[in-house]
Amino acid sequence: MHRTTRIKITELNPHLMCALCGGYFIDATTIVECLHSFCKTCIVRYLETNKYCPMSVGTWGALQVEGSDKTLQDIVYKLVPGLFKDEMKRRRDFYAAYPMAEVPNGSNEDRGEVSEQDKGNLTDDEIVSLSIEFYEGSREEKKGTVENGDLEKEKKNGVRFLRCPAAMTVMHLAKFLRNKMDVPSKYKVEVLYEDEPLKEYYTLMDIAYIY
């Protein structure tokens, strides 16, 4: 079973922030030759008067700026709470103030008209739907001892559904289940995904992103 470590967002900042503006990447763009990344507007403006990467030691020839680094940008939006929502609002406000301005690619996201739900991002106060059932050994063990039809019937009867805030932790979920199910204090309540025990500090948002 793989080990997980909880780290602070500040430890990841060097990989998520633009060296030119000092803020989190917006429209992250990567230079092909050295793979350094910057905000698109920052690096385009910089290269109007410079021909070298601001982070590279030595010199490069004419730099080729790769298209938007969508993977990196999606990671930044997922790791930094509220960044996507704030950026979409900033874009909507801009195009409301300058209705004649040309939208770069004409996409809804460029106009700021994509919600966090549409983007697939969760917010702390968003409600998450989940199903839970009592754990009775691994799925492989159950397959070997229970006929498929009986297994489906057992699962159907034992499943319960909950709606909880995305910021709810596994520890709080376990406490809720203990109280709801009247589990004696001598027993430990553990929450698993598939056959893997979940860390108490995981939030439902963490679980959604990890699995």
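Since the structure is predicted, the reported quantities are computational estimates derived from the model, not experimental observations.

Asker: I keep staring at the packing of aromatic side chains and nothing clicks. Help me out?
Answerer: Given two aromatic rings, their pairing is described by the distance between the two centres and the angle made by the two planes. In the structure shown here, the tally under the stated rule is four aromatic pairs. When the centroid spacing of 4.8 Å and the interplanar angle of 80 degrees are considered together, the rings of tyrosine 77 and phenylalanine 84 count as edge-to-face. Among the aromatic residues, ring-to-ring pairing joins Phe94, Tyr95 and Tyr98 into one connected group.

Asker: Explanation requested: the packing of helix H1 (residues 9–16) against helix H3 (residues 70–79) in the structure shown.
Answerer: When two helices pack together, their arrangement is captured by the angle between the axes and the distance separating the axes. Where H1 contacts H3, the two axes come as close as 11 Å, and the packing angle between them is 155 degrees. In terms of orientation, H1 and H3 fall into the roughly antiparallel class. The two elements H1 and H3 meet at a crossing, and its hand is left-handed. Here Ile9, Leu12, His15 and Leu16 of H1 come into contact with H3, specifically with Leu72, Ile75, Val76 and Leu79. Split into classes, the residues belonging to the contact of H1 with H3 amount to seven nonpolar, one polar and no charged.

Asker: What should I look at first to understand the pairing of strand S1 (residues 28–31) in this one?
Answerer: As a general feature of sheets, a regular strand has side chains that alternate between the two faces. Neither face of S1 is exposed, since Ala28 and Thr30 on one face and Thr29 and Ile31 on the opposite face are all buried. Examined bridge by bridge, S1 and strand S2 (residues 37–39) share three bridges and lie antiparallel to one another. If you follow threonine 29 over to S2, its bridge partner there is phenylalanine 38.

Asker: Honestly, the side chain of threonine 29 in this entry has me stumped. Any pointers?
Answerer: Note that threonine 29 resides in strand S1. The class of threonine 29 is buried, set by a relative accessible area of 3%. There is a polar contact of 3.0 Å between the side chain of threonine 29 and the backbone oxygen of aspartate 27.

Asker: Would you take a moment to explain unusual backbone geometry for this structure?
Answerer: The general pattern is negative phi for most residues beyond glycine and trans for most peptide bonds. Positive phi outside glycine occurs at leucine 35, with the angle close to 65 degrees. Of note, leucine 35 is situated in the loop between S1 and S2. Among the residues examined, leucine 35 registers a relative accessible area of 61% and is labelled exposed. Its identity as a non-glycine residue notwithstanding, aspartate 182 has a phi of 55 degrees, on the positive side. Position of aspartate 182 among the secondary structure elements: in the loop between helix H8 (170–180) and strand S6 (192–193). By relative accessible area, which is 65% here, aspartate 182 ends up exposed.

Asker: Whenever I open this one, the pattern of salt bridges confuses me. Can you help?
Answerer: Oppositely charged side chains can form a pair if their charged atoms are brought close together. The final tally for this structure, using the stated rule, is five salt bridges. The closest approach of N and O atoms between arginine 91 and glutamate 87, which form a salt bridge, is 2.8 Å. In this pair, arginine 91 and glutamate 87 both sit in helix H4 (residues 83–97), four residues apart, roughly one turn of the helix. Exposure remark for arginine 91: the relative accessible area of 7% places this residue in the buried category. Each of Asp27, Glu87, Arg90 and Arg91 takes part in a single network of salt bridges with overlapping partners.

Asker: What's the story with the side chain of serine 37 in this structure? I'm lost.
Answerer: Locating serine 37 in the fold gives a position in strand S2. Of note is the side chain of serine 37, whose polar atom sits 2.8 Å from the side chain of threonine 30. For serine 37, the contacting residues outside a window of four places in its chain are Phe25, Thr29, Thr30, Asp69 and Leu72.

Reading guide: rules and limits
- Residues numbered from 1 in each chain as written.
- Predicted model: local features only at pLDDT ≥ 70, side-chain atom pairs only at ≥ 80, totals over all residues.
- Heavy atoms only, no water.
- Phe/Tyr/Trp six-rings, centres within 6.5 Å; stacked < 30°, edge-to-face > 60°.
- Axes fitted to C-alpha atoms, helices over the stretch in contact; angles between N-to-C directions.
- Helix = DSSP H or I, 4+ residues; strand = E, 2+ residues; numbered from the N terminus.
- Parallel < 35°, antiparallel > 145°, perpendicular 65-115°, else oblique.
- Left-handed = near helix turned anticlockwise from the far one by under 90°.
- Contact = heavy atoms within 4.5 Å.
- Nonpolar A, V, L, I, M, F, W, Y, C, P; charged D, E, K, R; others polar.
- Buried < 20%, exposed > 50% of the residue type's maximum accessible area, 1.4 Å probe, protein only.
- Pairing = 2+ DSSP bridges.
- Polar contact = N/O pair within 3.5 Å; in protein donor to acceptor, adjacent residues only side chain to side chain.
- Salt bridge = Lys/Arg side-chain N within 4 Å of Asp/Glu carboxyl O.

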